[in-house]
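Chain by chain, the residues:
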Amino acid sequence: RTLIFNMYYQLFIVNRNGTLVYEREFRACKKRLSTNEKITLSSTFHGMYEIAAQITPKAARNSTNSDANSKTQGKPQVGASGLKQSDDNDDARKRNFDWMLSGGIEVMETDEWKIHCFQSMTKVKFFVVCDPSTTDCEAVLKQTYEAYTDFVMKDPFYITDMPIRLDYFETAIDKVYGEY
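Residues numbered from 1 in each chain as written. Predicted model: local features only at pLDDT ≥ 70, side-chain atom pairs only at ≥ 80, totals over all residues. Heavy atoms only, no water.

## A look at the overall build of the protein
Then comes step 1: Within the protein one finds five helices and seven strands.
Then comes step 2: In sequence order, the secondary structure elements of the protein are arranged as β-β-α-α-β-β-α-β-β-β-α-α.
Then comes step 3: Carbon and sulfur atoms provide 55% of the accessible area of the protein, an area that totals close to 11,500 Å². (Helix = DSSP H or I, 4+ residues; strand = E, 2+ residues; numbered from the N terminus. Areas by Shrake-Rupley, 256 points an atom, 1.4 Å probe, with all protein chains shown as cover.)

See the structure below:
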């Protein structure tokens, strides 16, 4: 039986403008980054992500969602309003939201580390630097996003795009990354 050990080094949350709004170090890397280097790293990654999203062909962006769409096409679907039949109008509605398909960098990997990125619909990027053998980064980033929406975005005193300094969010991050 193989023991899977997931090692996360750092978590970054970057707003839609490329500004670092949250950073958390879980384990020290070979060289500890200064605050300025963390800001530089996050803004550089944001720029590379945006360039990759712009140069990604539209067909490649749509192919990530086409598998999910093809499974439900022509079959009844249950939504908030009840049972409905999928039709050509659904395709027209999906085309209206093509701009939300990112096409940016999802994984960047070297021999010593890898970066996994998740971009929300509001273009906030969550990326984690981890060991190359780490397997469940997508699930962890989605849990991080859930904690962000539950504890940051629902906080009436949080100002959007400002640094995140909330104890409840810190506790949620401890719980998410403490499991791994």
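Back to the text.
## Quick look at the nonpolar core
One broad rule of soluble globular proteins: the nonpolar side chains tend to lie buried together.
Then comes step 1: With 24 residues, the main nonpolar core has Ile13, Tyr148, Ile164, Phe169 and Tyr177 as its most contacted residues.
Then comes step 2: At the level of secondary structure, the elements contributing two or more residues to this core comprise β1 (8-14), β2 (20-25), β7 (125-130), α4 (137-152) and α5 (167-178).
Then comes step 3: Considering every element that reaches this core, the biggest residue donor is α4, with six residues.
Then comes step 4: The contact partners of Ile13, leaving out residues within four places of it in the chain, are Thr19, Leu20, Val21, Tyr22, Val124, Lys125, Phe126, Tyr148, Ile164 and Phe169.
Then comes step 5: Counting 12 residues, the second-largest nonpolar core is a separate cluster that includes Phe12, Val14, Ile105 and Phe127. (Core = buried A, V, L, I, M, F, W, Y, C linked by side-chain atoms within 4.5 Å. Buried < 20%, exposed > 50% of the residue type's maximum accessible area, 1.4 Å probe, protein only. Contact = heavy atoms within 4.5 Å.)

## Quick notes on helix α1 (residues 35-55)
Turn by turn, an α-helix covers 3.6 residues, leaving residues three or four places apart pointing in a common direction.
Then comes step 1: An ideal rise of 1.5 Å per residue puts 30 Å on 21 residues; α1 measures up with 31 Å between its terminal C-alpha atoms.
Then comes step 2: Three or more residues of α1 are buried, namely Lys38, Ser42, Phe45, His46, Tyr49, Ala52 and Ala53. Down the axis of α1, the buried side of the element spans an arc of 135°, and every buried residue falls inside it. Relative to its buried face, α1 has exposed residues pointing more than 90 degrees away, namely Asn36, Ile51, Gln54 and Ile55. (Expected span 1.5 Å × (residues − 1). Arc of directions from axis to C-beta.)

## Things to note about the pattern of salt bridges
Then comes step 1: All told, the structure shown has eight salt bridges when counted by the stated rule.
Then comes step 2: Residues Glu25 and Arg32 are paired through a salt bridge, measuring 3.3 Å at the closest nitrogen-oxygen approach.
Then comes step 3: Looking at Arg32, the relative accessible area reads 60%, which means it is exposed.
Then comes step 4: A salt bridge links Lys38 to Glu25; the shortest N-O distance between them is 3.7 Å. Taken together, the positions of Lys38 in helix α1 and Glu25 in strand β2 put the pair 13 residues apart, joining distant regions of the chain. Glu25 shares its class with Lys38; the two are buried. (Salt bridge = Lys/Arg side-chain N within 4 Å of Asp/Glu carboxyl O.)

## Some thoughts on the pairing of strand β6 (residues 114-119)
Then comes step 1: Buried residues dominate β6, accounting for six of its six residues.
Then comes step 2: Judged by which residues are buried, β6 turns out to be covered on both faces: Lys114, His116 and Phe118 on one side and Ile115, Cys117 and Gln119 on the other are all buried.
Then comes step 3: In this structure, the hairpin formed by strand β5 (residues 107-109) and β6 is closed by a connection of four residues.
Then comes step 4: Two strands pair when backbone bridges link them, and β6 and β7 are joined in this way by six bridges, in the antiparallel orientation. Directly across from Phe118, in β7, lies its bridge partner Phe126.
Then comes step 5: Remark: five residues form the turn of the hairpin made by β6 and β7, two consecutive strands paired antiparallel; Lys123 in that turn has positive phi of roughly 70°. (Pairing = 2+ DSSP bridges.)

## A word on the sheet that holds β2
Then comes step 1: Pairing is antiparallel in the open sheet, where five strands are placed in the order β2-β1-β7-β6-β5. A single partner strand is all that each edge strand has here, and the edge strands are β2 and β5. Recorded for the sheet is a direction-independent mean angle of 15° between the axes of neighbouring strands.
Then comes step 2: Where β5 lies against β6, three bridges are found, and the strand directions are antiparallel. Paired with Val107 across the bridge in β6 is His116.
Then comes step 3: Against the sheet, α1 contacts β1, β2, β5, β6 and β7, and its axis sits at roughly 65° relative to β1.
Then comes step 4: Strand contacts of α5: β1, β2 and β7, with the helix running at about 45° to β2, the strand carrying the most contacts. (Axes fitted to C-alpha atoms, helices over the stretch in contact; angles between N-to-C directions.)

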